[in-house]
Amino acid sequence: MVQIKTPEQIAKMREAGLVVAAIHAATREAAVPGATTQDLDQVARKVIADHGAKSNFLGYGGFPATICTSVNEVVVHGIPDDRTVLKDGDIISIDAGAIVDGWHGDAAYTAFVGTGHAPELIELSRVTEESMWAGIAAMKVNNRLVDISKAIESYIRRQPRPATGKYGIIEDYGGHGIGTEMHMDPHLLNYVARKRGKGIKLVPGVCLAIEPMVSLGTAQTEVLQDDWTVITTDGTWSSHWEHSIALTEQGPLVLTAPDCGRAKLAQYGIETAPDPLG
């Protein structure tokens, strides 16, 4: 069953989303050469505490940290520790979440550590982020779930191929519903799989976390012995971007973006719903 939210519940999710946005801002500033991924986790913990929120990552299925810190070839679910020291030229995807009064927010971004990044890495992150926004733009009343998947995949496939030969759209992980839990139905693929059909019809009150993950090579992944860290099977580096979005009668509302997604969606001719928190 897909959970349909009321406007009042969406407002609570917006509160959680703004805590996630604050985590992103703070960890982005802290992701510098010499910092450990544990340092970033401590930054996130402080933001959550300062906002009177709760972590939805810590303890989830036994996960031992507040954020996921996925460096270079790590796609998702990297565990922060004091041994992983960020270096000039690294990329890191930081996935963060928060709970306010039982309602969840979840979002991720890819950051560049230091300087001197290869052009294909900068383009990888851009392509991944823009494919997310293409998917968000397809989150319209009476569209189907597959329309979001199609928009994400189509955007990526239209881009010039990188020097490595291709972009790999990660197959084993995707987006999801969100609300009173972090991961809920429906599961959202970042590519079109005919056998899965068109998926649910999108109606006001549907809330989704849209999160493409793209590598500079394979679409295949493997999980390390810690049972969490997911890497590409060919060692190519990857990018991960995510926002939580509510669909309303007035249009989409990007719950985890400070401006509700207004600036980016305007590029698609889409007006976002008003911020329920004013």
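Because the structure is predicted, anything quoted here is derived from the model rather than measured.

Caption draft 1: Up close: the overall build of the protein. Along the backbone of the protein there are five helices and 14 strands. A globule of 278 residues ought to have a C-alpha radius of gyration of about 19 Å, and the protein, at 17 Å, matches this closely. Overall, the protein is about 45 × 45 × 35 Å in size when its C-alpha atoms are taken along their principal axes. Residues classed as buried in the protein amount to 56% of the 278 residues present. Taking all contacts inside the protein whose residues are at least 6 apart in sequence as the whole, residues at least 24 apart take part in 69%.

Caption draft 2: Just the layout of surface pockets, in detail. When its volume is computed, the largest pocket comes out at roughly 290 Å³. Together, 20 residues line the largest pocket, and Tyr 60, His 77, Asp 95, His 183 and Glu 211 are the ones closest to its centre. Residue composition of the lining of the largest pocket, by class: nine nonpolar, six polar and five charged.

Caption draft 3: Broad picture of the sheet that holds strand β5 (residues 168-169). Spatially, β5-β9-β12 is the arrangement adopted by the three strands of the open sheet, whose pairing is antiparallel. Among the strands making up the open sheet, the edge pair consists of β5 and β12 (238-240). Two elements, strand β9 (residues 213-215) and β12, share three bridges in a ladder whose sense is antiparallel. Bridging from a neighbouring strand, Ser 215 pairs with Ser 238 of β12. Along the sheet, helix α3 (residues 119-137) makes contact with β9 and β12, crossing β12 at roughly 35 degrees.

Caption draft 4: Fine view of the pattern of salt bridges. Counting across every chain of the model gives 10 salt bridges. The partner of Asp 50 in a salt bridge is Lys 46, and the shortest N-O contact between them spans 2.7 Å. With Asp 50 and Lys 46 both in helix α2 (residues 37-50), this residue pair falls four residues apart, about one helical turn. Residue Asp 50 shares its accessibility class with Lys 46, and that shared class is exposed. The closest approach of N and O atoms between Asp 90 and Lys 87, which form a salt bridge, is 3.7 Å. When its relative accessible area of 4% is taken as the criterion, Asp 90 is described as buried. Residues joined in a network through salt bridges with shared partners are Lys 12, Glu 15 and Asp 101.

Caption draft 5: Focus on the pairing of strand β1 (residues 67-71). With five of its five residues buried, β1 lies for the most part within the structure. Of the two faces of β1, the one carrying Ile 67, Thr 69 and Val 71 and the one carrying Cys 68 and Ser 70 are both buried. As judged from the five bridges shared by β1 and strand β3 (residues 91-100), these two strands associate in the antiparallel manner. Looking at the pairing, Val 71 lines up with Ile 92 of β3.

Caption draft 6: Spotlight on the UniProt feature "binding site: a divalent metal cation 2" (unreviewed entry) in the protein. UniProt tags Asp 106, His 176, Glu 211 and Glu 242 as "binding site: a divalent metal cation 2" (unreviewed entry). Spanning 137 residues, the named residues form one tight spatial group whose C-alpha atoms are at most 10.6 Å apart. For the largest pocket, the lining residues among the annotations just cited are Asp 106, His 176, Glu 211 and Glu 242. On the secondary structure map, Glu 211 appears in the loop between β8 (207-210) and β9. On the basis of relative accessible area, Glu 211 is assigned to the buried category, the value being 5%. Setting aside residues no more than four positions away along its own chain, Glu 211 makes contact with Asp 95, Gly 174, Gly 175, His 176, Asn 190, His 240, Trp 241 and Glu 242. Side chain to side chain, Glu 211 and His 176 meet in a polar contact 3.2 Å long. With respect to the helices and strands, the residue Glu 242 is situated in the loop between β12 and β13 (243-248). You can call Glu 242 buried: its relative accessible area is 0%.

Quick notes on the rules
- Residues numbered from 1 in each chain as written.
- Predicted model: local features only at pLDDT ≥ 70, side-chain atom pairs only at ≥ 80, totals over all residues.
- Heavy atoms only, no water.
- Helix = DSSP H or I, 4+ residues; strand = E, 2+ residues; numbered from the N terminus.
- Rg over C-alpha atoms; globule rule 2.2 N^0.38 Å.
- Buried < 20%, exposed > 50% of the residue type's maximum accessible area, 1.4 Å probe, protein only.
- Contact = heavy atoms within 4.5 Å.
- 1 Å grid on protein atoms, 1.4 Å probe; cavity = no way out; pocket = protein on both sides within 12 Å on 5 of 7 lines; lining within 4 Å.
- Points joined across faces, edges and corners; volume = space filled by probe spheres on them.
- Nonpolar A, V, L, I, M, F, W, Y, C, P; charged D, E, K, R; others polar.
- Pairing = 2+ DSSP bridges.
- Axes fitted to C-alpha atoms, helices over the stretch in contact; angles between N-to-C directions.
- Salt bridge = Lys/Arg side-chain N within 4 Å of Asp/Glu carboxyl O.
- UniProt positions renumbered as here; feature names shortened; annotations may be inferred.
- Polar contact = N/O pair within 3.5 Å; in protein donor to acceptor, adjacent residues only side chain to side chain.

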